[in-house]
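# A closer look at the structure
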2 protein chains.
Amino acid sequence: MSALVLDGKALAQKTEEELSARVADLKAKSGGQTPILATILVGDDPASATYVKMKGNACRRIGMDSLQVELPSSTTTEQLLAKIEELNANPNVHGILLQHPVPEQIDERACFDAIALTKDVDGVTCLGFGRMAMGEEAYGCATPKGIMRLLEAYNIELEGKHAVVVGRSPILGKPMAAMLLNANATVTICHSRTKNLADHIRQADIVVGAVGRPEFIKADWIKDGAVVVDAGYHPGGVGDIELEPLTERAAAYTPVPGGVGPMTINTLIYQSVDSGEKKIG
Amino acid sequence: MSALVLDGKALAQKTEEELSARVADLKAKSGGQTPILATILVGDDPASATYVKMKGNACRRIGMDSLQVELPSSTTTEQLLAKIEELNANPNVHGILLQHPVPEQIDERACFDAIALTKDVDGVTCLGFGRMAMGEEAYGCATPKGIMRLLEAYNIELEGKHAVVVGRSPILGKPMAAMLLNANATVTICHSRTKNLADHIRQADIVVGAVGRPEFIKADWIKDGAVVVDAGYHPGGVGDIELEPLTERAAAYTPVPGGVGPMTINTLIYQSVDSGEKKIG
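- Per an unreviewed UniProt entry, chain A carries the name Bifunctional protein FolD and comes from Microbulbifer bruguierae.
- The Function (unreviewed entry) comment attached to chain A in UniProt states, word for word, "Catalyzes the oxidation of 5,10-methylenetetrahydrofolate to 5,10-methenyltetrahydrofolate and then the hydrolysis of 5,10-methenyltetrahydrofolate to 10-formyltetrahydrofolate."

## Quick word on the overall build of chain A
- Regarding its fold elements, chain A presents ten helices and nine strands.
- Rg of the C-alpha trace for chain A: 19 Å, near the compact-globule value of 19 Å for 281 residues, within the 12% margin.
- Considered along the principal axes of its C-alpha atoms, chain A spans approximately 55 × 45 × 35 Å.
- Taking all 281 residues of chain A together, the buried fraction comes to 56%.

## A short note on the pairing of strand β5 (residues 162-166) of chain A
All names here are of chain A.
- With five of its five residues buried, β5 lies for the most part within the structure.
- Of the two faces of β5, the one carrying His-162, Val-164 and Val-166 and the one carrying Ala-163 and Val-165 are both buried.
- With helix α7 (residues 173-182) bridging β5 and the parallel strand β6 (residues 186-190), this β-α-β connection has right-handed handedness.
- Note that β5 and strand β7 (residues 206-209) share four bridges and pair parallel. Across the sheet, Val-166 pairs through a bridge with Gly-209, a residue of β7.

## Remarks on unusual backbone geometry
- His100(B) connects to Pro101(B) through a cis peptide bond whose omega is -5°.
- With respect to the helices and strands, Pro101(B) occurs in the loop between β4 (95-98) and α4 (108-114).
- For Asn184(A), which is not glycine, the phi dihedral falls at a positive 70°.
- Within the fold, Asn184(A) resides in the loop between α7 and β6.

## Here we look at the UniProt feature "binding site: NADP(+)" (unreviewed entry) in chain A
- The UniProt entry lists Gly167(A), Arg168(A) and Ser169(A) under the feature "binding site: NADP(+)" (unreviewed entry), expressed in the numbering used here.
- As for its position among the elements, Gly167(A) is in the loop between β5 and α7.
- Relative accessible area serves as the criterion here: at 7%, Gly167(A) is assigned to the buried category.
- Topologically, Arg168(A) is positioned in the loop between β5 and α7.
- Setting aside anything within four residues of it in sequence, one finds Arg168(A) in contact with Gly173(A), Lys174(A), Ile189(A), His191(A), Ser192(A), Arg193(A), Leu181(B) and Asn184(B).
- Looking at Arg168(A), its side chain comes within polar contact range of the main-chain oxygen of Leu181(B), at 2.9 Å.

## So, the relation of the copies chain A and chain B
- Superposition of chain A onto chain B requires a rotation of 180° combined with a translation of 0.0 Å along the rotation axis, giving an RMSD of 0.0 Å. The transformation relating the two chain copies, once decomposed into turn and shift, fits a two-fold axis.
- Interface overlap between copies: 100% of the residues of chain A at the interface are likewise at the interface in chain B, consistent with a symmetric, same-surface contact.

## Examining the sheet that holds strand β3 (residues 65-71) of chain A
All names here are of chain A.
- Across the sheet, which stays open at both edges, the three strands sit in the order β3-β2-β4 with parallel pairing between neighbours. Looking at the sheet topology across the chains shown, the edges are occupied by β3 and β4 (95-98). Geometrically, the sheet is characterised by an average inter-axis angle of 20° between neighbouring strands, direction not taken into account.
- Of the pairings in the sheet, the one linking strand β2 (residues 36-42) to β4 comprises four bridges and is parallel in character. The partner of Leu-37 across the bridge, within β4, is Gly-95.
- Contacts from helix α2 (residues 46-61) reach β2, β3 and β4, with the element oriented near 160° to β3.

## Here we look at the pairing of β2(A)
Residue and element names in this part refer to chain A.
- Most of β2 is tucked away: seven of the seven residues are buried.
- Alignment of β2 against β3, held across seven bridges, turns out to be parallel. What sits directly across from Leu-37, in β3, is Ser-66.

## Considerations on the sheet that holds strand β2 (residues 36-42) of chain B
Residue and element names in this part refer to chain B.
- As summarised here, the arrangement of the three strands in space is β3-β2-β4, forming an open sheet in which the pairing is parallel. Each having just a single partner strand, β3 (65-71) and β4 make up the two edges of the open sheet. Going from strand to strand, the sheet's axes swing by 20° on average, the running direction of each strand aside.
- Contacts from helix α2 (residues 46-61) reach β2, β3 and β4 within the one sheet, and its direction differs from that of β3 by about 160°.

## A word on the packing of aromatic side chains
All names here are of chain A.
- This model, assessed by the stated rule, comprises three aromatic pairs over all chains.
- Taking 6.4 Å as the distance between ring centres and 85° as the angle between the ring planes, the aromatic pair formed by Phe-216 and Trp-221 counts as edge-to-face.
- Its relative accessible area of 26% is what places Phe-216 among the partly exposed residues.
- Just above the ring of Tyr-270 sits the side chain of Arg-149; from NZ or CZ to the centre is 4.0 Å.

## Brief notes about helix α1 (residues 8-30) of chain A
Residues and elements named next belong to chain A.
- Helix length check: α1, at 23 residues, gives a terminal C-alpha distance of 32 Å against a target of 33 Å (1.5 Å per residue), a fit within 8%.
- Elements in contact with the buried residues of α1: α2, α6 (142-153) and α10 (260-280).
- Between a side-chain oxygen at the N-terminus of α1 and the backbone nitrogen of Lys-9 the separation is 3.2 Å; the capping residue is Asp-7.
- One or two positions beyond α1, positive phi appears at Gly-31, with a value near 70°.

## Points about the side chain of Asp120(B)
Residue and element names in this part refer to chain B.
- Mapped onto the secondary structure, Asp-120 falls in the loop between α4 and α5 (126-133).
- One buried charged residue, Asp-120, forms no salt bridge at all, with the nearest opposite charge on Arg-109 at 7.6 Å.
- Setting aside anything within four residues of it in sequence, one finds Asp-120 in contact with Ile-115, Thr-125 and Tyr-139.

What counts and how
Residues numbered from 1 in each chain as written. Chains lettered and ligands numbered in written order. Predicted model: local features only at pLDDT ≥ 70, side-chain atom pairs only at ≥ 80, totals over all residues. Heavy atoms only, no water. UniProt positions renumbered as here; feature names shortened; annotations may be inferred. Helix = DSSP H or I, 4+ residues; strand = E, 2+ residues; numbered from the N terminus. Rg over C-alpha atoms; globule rule 2.2 N^0.38 Å. Buried < 20%, exposed > 50% of the residue type's maximum accessible area, 1.4 Å probe, protein only. Right-handed = clockwise from strand over helix to strand, strands pointing away. Pairing = 2+ DSSP bridges. Contact = heavy atoms within 4.5 Å. Polar contact = N/O pair within 3.5 Å; in protein donor to acceptor, adjacent residues only side chain to side chain. Least-squares fit on C-alpha atoms with pLDDT ≥ 70 in both. Axes fitted to C-alpha atoms, helices over the stretch in contact; angles between N-to-C directions. Phe/Tyr/Trp six-rings, centres within 6.5 Å; stacked < 30°, edge-to-face > 60°. Lys NZ or Arg CZ within 6 Å of the ring centre and 35° of its normal. Expected span 1.5 Å × (residues − 1). Lys, Arg positive; Asp, Glu negative; His and termini not counted. Salt bridge = Lys/Arg side-chain N within 4 Å of Asp/Glu carboxyl O.

Spelled out as structure tokens, the structure:
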């Protein structure tokens, strides 16, 4: 039997149609106003420039605007904080994305945390994380929230299941674990210091690979019938999990590419539209 | 062989001596200023009144002052928020404790979260939790931080160990899991929806019982040589874990009473002294 493919690309496309309709509706009701996402790119890293461009393009596809802020690689923490404060205060800006990573002289955590809670549509602030983890209203961190939306769209049951999250980064493993816990899964968080990693993964009903190393998690560590979520993407179109042998014996899996990746940007614009509706609508 | 007793009472007493010396030193340097903890008691619940009194007594034992605020049970959210803002703005107040629970007409979460980060010496704000979980500076939630201090005092190794936290409350299970993860343990969080709880607990090198039900966790679910932390306290002097059979075969355990309990208030005053030193010193 083939595993169910958790098709993030298809869900993202379908969601874009719904978001386009919501943006059109908001425009019609408000005399032409649209949600606006401010994107901040600091420096000239080509990969970061590409990501920011993709995010701006996604905004335009659904009829939203993006306000593109580009700052030189010599930008100081104070200058970036001042720009974020300006965007926080701008009533026409509904969401703020600060593209990671920023040049090393900048205190990135301080800059992320300067983003106003109601404009933190990428879900990167400590306050937003804390509120989400405590079950209070906050935008979720884009990648794990995208994974939750994908699992929900396919009616994957989480309550009472044992989820094993491999990785504990601030924007992936930690919020992923908190979201799965909020969905009533029993959650284990593994990481680089975990002993007997394979033994932990073997018990998982749901595995989330978020380690950033190509095919680090081996297929034979994963039990038959598990739900496999691969949040990695590496050159050659492979993720963090050895997926090929699982396409038959998993219950469901996210392909690479086309699984988790499209849901990240989709969640960013999904949350931006929500923020726009709250402030314009 | 008898298990090592993690004696919270003794550690708290020893720490109080150290804190007394630090407070005396601060007074001498600052012309008589002492750290001040503001305690807020809303309503007339006798148990809450007792807890607040114990916290005030602990302050006085180490030479700190406490500013005791008592509000009627009819207090509104707005009135309580106004009082917290007043204490936030008062430069002579170095820590704020809002005694849980508040009367039900009050939005307790909003009131907790109104406490300024630098005065949140009880570690109850979403912002403080988020910062702690992300490895940023913040006071830890008093009970789990007290447990971490107790484990550290006895040199209990956490890195690479499998810690199973049973319970996911905002002031115990969730911050406990985040602190153990920060200490490089592999962490599993179990709760009321967990299936096969005993099987999860059997794997634990470190078990933390934080469920609030007397002896809910059975001794025979716990493997020989585990470190057993019982954060519960119930009438009759029992905790959340059936401890008696473990006193021989655990590696270490927290007694009830005299284990975790004394460390909670101790951590509150420990963090209050730290806050006082930062602002006065």
